[in-house]
Amino acid sequence: ANSTVSFPEGFYWGGATAANQLEGAWNVDGRGPSVDDHFMGGSYEKPREITLEIHPDKLYPNHDGIDFYHRYEEDIALFAEMGFNMFRMSIAWSRIFPNGDDAQPNEAGLAFYDRVFDCCREHGIEPLVTLSHYEMPYHLVEKYNGWESRKLIDLFERYCATVFDRYQDKVTYWLTFNEINCGTSRMGALFETSMIRGFEGPASEVKVTPQQCYQALHHQFVASGRVVKLAHEKYPQFKMGNMDCFILSYAATCDPEDVFANQQEMNRMNWYCSDVQVRGAYPFYAKRYWAENGIELDIREGDLEDIAAGKVDFYTFSYYMSSTVGTHADQETTQGNMTFGGKNPYLKSTDWGWQIDPLGLRVALNEIYARYEIPLMVVENGMGAYDTVEEDGSIHDQYRIDYLKSHVRAMGEAIADGVDLVGYTWWGPIDLVSAGTGEMRKRYGFIHVDKHDDGTGTYERRRKDSFFAYQKIIKSNGAEG
Ligand code: BG6
């Protein structure tokens with residue numbers, strides 16, 4: 001049935017991707033190795049492994065991705081066919097500065113994104129560009145242990161200044177760090193802050209202390225503040241956003257102990273980073289949190305001023321699932337993106353254990369908007385699932401359509417509630433390499449890609465049933481959700 005809610009005119013509909021998960025061409029045209037190029041494939045049961053050297057006889061799924069590097073024209077045309085007016089993508093830092101600290105940027109890398117942005121423009125698609133999506137030149141891991149080092153601030157600023165200057169007429173919407181709040185966790189240490197120097201073996205065994213995590217995050221906050229400030233001063237047409245992995249959690253029971261534990265967890269997981277990036281200062285609860293967790297931040301002169309000067313213009317987040325937080329010993333846990341949370345008996349999960357909760361998206365939108373009152377975008381939402389290709393080549397992914405529609409309806413309701421939501425980009429509109437597991441069979445796309453976990457496949461693109469469902473939703477500006 002048609003929903004009674006309506007989306008504002010000019011609402012952005014699209015899809016979201018990350019360079020390392022789709023481009024492939026990892027060592028082409030001067031690109032340097034990136035963190036993700038050192039990750040092998042894993043699965044739900046088996047964590048990805050990191051190798052210090054890249055072994056020619058081992059399989060690294062990100063090396064070829066889905067070969068967007070050579071097929072972007074076909075892919076962007078398919079996005080346009082669905083009706084996209086926004087495409088979220090990221091720039092691979094190591095295409096621009098192969099080692100991160102090179103004297104000059106790599107022209108062939110810069111030229112590639114010129115072609116991609118031009119192609120988007122030809123189709124009337126607005127690019128939304130993440131400056132750092134779970135990667136950095138591997139050289140910076142070896143030399144500095146990623147964001148643990150303050151040195152990264154200058155290097156990141158120089159990379160951003162380079163791409164701002166180059167693409168100022170082609171890109172208006174920018175996000176600094178993908179899911180920056182994951183930097184508070186071990187998973188974040190792998191992807192978000194890349195604190196894995198010298199590490200070889202299962203990624204799940206990487207050890208990092210809260211001190212390291214929060215110091216690395218501090219460096220990212222300063223870097224984010226500086227580049228947002230630079231953008232506002234030099235390119236007033238730019239709109240700068242943050243990006244959080246919003247893990248909505250509920251108190252597992254109405255025991256006040258659980259309610260309190262959940263409030264603390266929401267502060268730690270969801271609000272800590274966005275309070276800094278949206279309000280321009282560490283939140284009131286930070287000091288106690290640092291003290292109780294043995295965190296002593298090295299905050300240098302000028303850092304807090306940079307953070308204050310770099311408040312973002314809009315708030316963006318990923319939303320896949322919700323979880324519960326409780327204090328009772330019998331609480332069951334479930335898996336999720338970058339975190340483990342409590343099981344919720346009222347919700348169903350995906351095959352990877354992510355709890356599906358469309359109403360939670362409406363809750364999240366209301367909570368976030370109440371706190372910040374700036375425009376919001378849902379820049380990732382989606383469902384990883386096994387797909388079956390029928391003999392005639394069709395793919396009947398009704399589960400994905402159900403997930404999509406229920407979340408679109410939830411957004412429509414939140415807009416009717418009064419939330420200033422301006423855009424929605426589905427995660428992985430085309431199948432791509434999973435960040436968490438490195439799998440291809442964990443598929444998110446409306447477009448199927450013939451590539452398999454053993455590295456075989458023709459890379460052929462196929463429209464799934466969900467392709468047409470999303471096309472209808474976009475055409476009716478959300479009404480067919
Ligand atoms: C988000 C990341 O956490 O979730 C993406 O920003 C990631 O990079 C997405 O791909 C889905 O997670 P996964 O592990 O299923 O790929």
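That block above? That's the structure.
Residues numbered from 1 in each chain as written. Predicted model: local features only at pLDDT ≥ 70, side-chain atom pairs only at ≥ 80, totals over all residues.

### A word on the overall build of the protein
Point 1. Counting its regular elements, the protein contains 14 helices and 17 strands.
Point 2. Computed over C-alpha atoms, the radius of gyration of the protein comes to 21 Å, within 12% of the 23 Å expected from 2.2 N^0.38 for 481 residues, which places it in the range of a compact globule.
Point 3. Dimensions of the protein, computed from the C-alpha atoms along their principal axes, are close to 60 × 55 × 45 Å.
Point 4. With 481 residues in all, the protein has 52% of them scored as buried.
Point 5. Relative to all contacts within the protein whose residues are 6 or more apart in sequence, the contacts with residues 24 or more apart total 75%. (Helix = DSSP H or I, 4+ residues; strand = E, 2+ residues; numbered from the N terminus. Rg over C-alpha atoms; globule rule 2.2 N^0.38 Å. Buried ≥ 20, exposed ≤ 12 C-beta atoms within 10 Å, placed from the backbone. Contact = placed C-beta atoms within 7 Å.)

### Focus on the nonpolar core
Nonpolar side chains in soluble globular proteins generally cluster together in the buried interior.
Point 1. Ranked by size, the top nonpolar core spans 133 residues in total, and within it Phe87, Ile91, Leu365 and Met411 carry the most contacts.
Point 2. Among the elements that line this core, the one with the most residues is helix H8 (residues 210-234), at 10 residues.
Point 3. With residues up to four places along the chain from it excluded, the contact list for Met411 reads Leu361, Leu365, Val378, Leu421 and Tyr424. (Core = buried A, V, L, I, M, F, W, Y, C linked by C-beta atoms within 7 Å.)

### Some thoughts on the packing of helix H12 (residues 358-372) against helix H13 (residues 398-417)
Point 1. Taken N-terminus to C-terminus, the directions of H12 and H13 make an angle of 30 degrees; their axes are 8 Å apart at the nearest point. When the interaxial angle is binned, H12 and H13 end up roughly parallel. Helix-helix and strand crossings are classified by hand; for H12 and H13 the assignment is right-handed. Across from Pro358, Leu359, Leu361, Arg362, Leu365 and Asn366 in H12, the residues of H13 making contact are Ser406, His407, Arg409, Ala410, Met411, Glu413, Ala414 and Asp417.
Point 2. Looking at side-chain class alone, the contact of H12 with H13 contains 7 nonpolar, 3 polar and 4 charged residues. (Axes fitted to C-alpha atoms, helices over the stretch in contact; angles between N-to-C directions. Parallel < 35°, antiparallel > 145°, perpendicular 65-115°, else oblique. Left-handed = near helix turned anticlockwise from the far one by under 90°. Nonpolar A, V, L, I, M, F, W, Y, C, P; charged D, E, K, R; others polar.)

### Brief notes about the sheet that holds strand E1 (residues 12-16)
By way of backbone hydrogen bonds, the strands of a sheet pair with one another, either parallel or antiparallel.
Point 1. Taken in spatial order, the 9 strands of this open sheet run E7-E5-E4-E3-E1-E15-E14-E10-E8, and their pairing is parallel. The two strands at the open ends of the sheet, each matched to only one other strand, are strand E7 (239-241) and strand E8 (244-245).
Point 2. Across 3 bridges, strand E5 (residues 173-177) lies against E7 in parallel orientation. Bridging across to E7, Leu175 finds its partner in Gly241. (Pairing = 2+ DSSP bridges.)

### Quick notes on the pairing of strand E3 (residues 86-90)
Point 1. The buried fraction of E3 amounts to 5 of the 5 residues, a majority that puts the element mostly inside the structure.
Point 2. Neither face of E3 is open: one carries Met86, Arg88 and Ser90, the other Phe87 and Met89, and all of them are buried.
Point 3. As judged from the 3 bridges shared by E1 and E3, these two strands associate in the parallel manner. Note on E3: the bridge partner recorded for Gly14 is Met86.
Point 4. Note that E3 and strand E4 (residues 126-132) share 5 bridges and pair parallel. When the sheet's bridge partners are listed, Met89 is paired in E4 with Val129.

### Here's the deal with the pairing of E1
Point 1. Among the 5 residues of E1, 5 are classified as buried, and the element is accordingly described as predominantly covered.
Point 2. Looking at chain direction, E1 and strand E15 (residues 421-427) are connected through 5 bridges and run parallel. Directly across from Trp13, in E15, lies its bridge partner Tyr424.

### Describing the environment of Leu347
Point 1. In this fold, Leu347 is placed in the loop between strand E13 (339-342) and H12.
Point 2. For Leu347, a count of 19 C-beta atoms within 10 Å puts it in the partly exposed group.
Point 3. Between the alpha carbons of Leu347 and Met321 there is a distance of 9.7 Å; along the sequence they are 26 residues apart.
Point 4. When neighbours within four sequence positions are excluded, Leu347 is seen to be in contact with Gln355, Ile356 and Asp357.

### Remarks on the packing of helix H6 (residues 151-167) against H8
Point 1. Packing of H6 against H8 leaves a shortest axis separation of 9 Å and a crossing angle of 30 degrees. Our classification of the angle between H6 and H8 gives roughly parallel. By crossing handedness, the relation of H6 to H8 is classed as right-handed. Of the residues in H8, those in contact with Leu152, Ile153, Phe156, Glu157, Cys160, Ala161 and Phe164 of H6 are His219, Val222, Ala223, Arg226, Val227, Leu230 and Ala231.
Point 2. Residues that form the contact of H6 with H8 fall into these classes: 11 nonpolar, 1 polar and 2 charged.

### A word on the environment of Gly412
Point 1. Inspection of the secondary structure assignment puts Gly412 in helix H13.
Point 2. Once the C-alpha coordinates of Gly412 and Val5 are considered, the two residues, 407 residues apart in sequence, prove to be 5.4 Å apart.

### Regarding H6
Point 1. Between its first and last C-alpha atoms H6 spans 25 Å; for 17 residues at 1.5 Å apiece the expected length is 24 Å, and the two agree.
Point 2. Turning to H6, its buried residues number three or more, namely Leu152, Ile153, Leu155, Phe156, Tyr159, Cys160, Val163 and Tyr167.
Point 3. Among the structural elements, helix H3 (93-96), helix H4 (107-122), E4, helix H5 (138-144) and H8 are those in contact with the buried residues of H6. (Expected span 1.5 Å × (residues − 1).)

### Describing the environment of Ile180
Point 1. Assignment of secondary structure puts Ile180 in the loop between E5 and helix H7 (186-191).
Point 2. C-beta crowding within 10 Å serves as the criterion here: with 26 such atoms nearby, Ile180 is assigned to the buried category.
Point 3. Along the backbone, Ile180 and Gln220 are 40 residues apart, and their C-alpha atoms lie at a distance of 8.2 Å.
Point 4. In contact with Ile180, not counting residues within four places along its chain, are Glu192, Gln220, Asn242, Met243, Asp244 and Cys273.

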